[in-house]
Amino acid sequence: MLLKLVLTLAVCALVQACGSLPRLKAVPPSLTESAGIPGIPDARIWVDRDIGPFIRAAIRDANREAETLEREGKPANPLPPVYALAISGGGDAGAFAAGILSGWTVHGDRPRFNVVTGISVGALIAPFAFLGPEYDDVVRGVATSVRAEDIFRKRSTLMGLASDGMASSEPLAGLVAKCVTPEILAAIAREYAKGRALQLGTTDLDAGRQVIWNMGEIASSGAPGALDLFRKIIIASSSIPGVVSPVMIDVEVDGQPFQEMHVDGGVISQLFLYPSPALAELAKATGKPLQRELHTYVIRNGRLEPDWNNTERATLEIGDRAIRALVQTQGINDVRQLYEIAQRDGADFNLAYIGRNFDQPHSGLFDPAYMKRLYEYAYDLAASGRAWHAAPPSQRTTEHP
């Protein structure tokens, strides 16, 4: 239970009061946005304060897209519509996104996305969604066949308390290394050169801020550690703090080495597309409004209605229920925020999520029967054209199918 984890972490803090695992110095607060990856200066951006770097990256993407279209003899003024996809976290409910993508391919109207974003399990799926339908089988295999032991290796209670997580993510690292090969990195670099963007989110636990990683920039950098960094980001985005070890990422400020501690991007938000004032700021930077259609798609690997629960009158049960409700509410609010941004910007909004009619029992984390059935449920929705909604449940009166 989540509350048991919280209590365990409290005990862990007491155990580690006399010492902790070694690490390089954390980046001081005043230098957070100055820290960079050696050899990959544009590897990531921070969008919670100054969105200038995000705007400049978007302009560079559009310029590469225009150049690609001109080389292919296609019109580049105005540019064609933008299609953006966000894939949320959700643990083993990532089988839902896998089913949506495969069913969407069968339905025949799945776009070639200009932008794909992912957090947590969405970060594991996003690179293959970005590359296209030919990788649907990879996504299905990862999202429906993995077991708990394929993701993390439990430590003994004593070892967990003395370490930096109750489990090791070494099995996940092996899975990511198997799926994210040098060939995958090269394929992402080729698509990035055409103006397409793949962005994954992690949480810098030292700074308490979400980081958006430009995975295409990393893939195309040619830096010696690019592949290793690419894999680390995926693992970090899926690393629930306290449950599994964080991912330590080496950075520099003016040649001085520091180390950042990165964990699950869902600590800050469970999905993202673009910051709220982005289109207005883009218009200021270019001197003209965005002259192209914007179609946004959001896959929420979870429900968007509160889950009813007969809560026992017991401390741990009450605390666990409250924490789960908090996490679920955050996910609902993240979806609502993306919807409101799309409404304000006049963008087309499309949302897929797990409906009330999915009632497969969930016997435990990474339950194969649950993941297989969830995949099939999502596949049927997408293949029949019933997956997408124009608004979250709180913004409309019709029921989810």
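The paragraphs below set out a description of the structure included in this document.

1. Quick word on the side chain of Asn 350
Here is step 1: Inspection of the secondary structure puts Asn 350 in strand 12 (residues 348-354).
Here is step 2: The class of Asn 350 is buried, set by a relative accessible area of 12%.
Here is step 3: A polar side-chain atom of Asn 350 sits 2.9 Å from a polar atom in the side chain of Asp 348.
Here is step 4: Once you skip the residues sitting within four places of it in the chain, Asn 350 turns out to touch Thr 296, Tyr 297, Val 298, Trp 388 and His 389.

2. Description of the nonpolar core
Here is step 1: Counting 81 residues, the largest nonpolar core has Trp 213, Ile 218 and Phe 230 as the members making the most contacts within it.
Here is step 2: When residues of this core are assigned to their parent elements, the largest contribution, nine residues, is made by helix 4 (residues 121-131).
Here is step 3: Residues Phe 54, Ala 278, Ala 347 and Leu 351 belong to the second largest nonpolar core, which totals 32 residues.

3. A closer look at the packing of helix 2 (residues 52-71) against helix 12 (residues 278-286)
If you want to describe how two helices pack, look at the angle between their axes and the distance between the axes.
Here is step 1: Contact pair helix 2 / helix 12: the axes reach a minimum separation of 10 Å and the direction vectors enclose 65 degrees. Taken together, the axes of helix 2 and helix 12 lie roughly perpendicular to each other. Pair helix 2 / helix 12 crosses with right-handed handedness. Here Phe 54, Ile 55 and Ile 59 of helix 2 lie close against helix 12, whose contacting residues are Ala 278, Glu 281, Leu 282, Ala 285 and Thr 286.
Here is step 2: Split into classes, the residues belonging to the contact of helix 2 with helix 12 amount to six nonpolar, one polar and one charged.

4. Quick word on the pattern of salt bridges
Here is step 1: Per the stated rule, a full pass over the model turns up 18 salt bridges.
Here is step 2: Taking the shortest distance from any N to any O, the salt bridge between Arg 64 and Asp 61 comes out at 2.5 Å. Here Asp 61 and Arg 64 lie together in helix 2, a separation of three residues that amounts to about one turn.
Here is step 3: The exposure class assigned to Arg 64 is buried, which follows from its relative accessible area of 15%.
Here is step 4: A salt bridge links Arg 292 to Glu 65; the nearest nitrogen and oxygen atoms lie 2.9 Å apart.

Conventions we followed
- Throughout, a residue's number is its position along its own chain's written sequence, starting from 1.
- Only residues with pLDDT of at least 70 get local features here, since the model is predicted, and only at 80 or more are side-chain atom pairs given and counted; chain-wide, interface and lining totals rely on the full set of residues.
- Each side-chain value is derived from all of the structure's non-hydrogen atoms; neither hydrogens nor water enter the calculation.
- Secondary structure elements follow DSSP: runs of H or I no shorter than four residues count as helices, runs of E no shorter than two count as strands, and numbering proceeds from the N terminus.
- The cut-offs for exposure are 20% and 50% of the maximum accessible area for each residue type, with area from a 1.4 Å probe on protein chains only; residues under the lower value are buried, those over the upper are exposed, and the others partly exposed.
- Polar contact is the term for a pair of N or O atoms within 3.5 Å; when the atoms are in protein, one must be able to donate a hydrogen and the other to accept it, and sequence-neighboring residues count only if both atoms are side-chain atoms.
- The contact criterion used is simple: two residues touch if any of their non-hydrogen atoms lie within 4.5 Å.
- For this analysis, a nonpolar core means a set of buried residues of the types Ala, Val, Leu, Ile, Met, Phe, Trp, Tyr and Cys, connected via side-chain atoms within 4.5 Å.
- Here the axes come from fitting lines to C-alpha atoms, over the contacting stretch only for helices, and the angles between their N-to-C directions go from 0 to 180 degrees.
- To sort the angles, those under 35 degrees are grouped as roughly parallel, those over 145 as roughly antiparallel, those from 65 to 115 as roughly perpendicular, and the leftovers as oblique.
- The crossing is said to be left-handed when, going from far helix to near helix, the turn is anticlockwise and less than a right angle, and right-handed when the turn is clockwise.
- Polar here means any residue other than Ala, Val, Leu, Ile, Met, Phe, Trp, Tyr, Cys and Pro, which are nonpolar, and Asp, Glu, Lys and Arg, which are charged; Gly is therefore polar.
- Salt bridges are counted wherever a side-chain nitrogen of Lys or Arg sits within 4 Å of a carboxyl oxygen of Asp or Glu.

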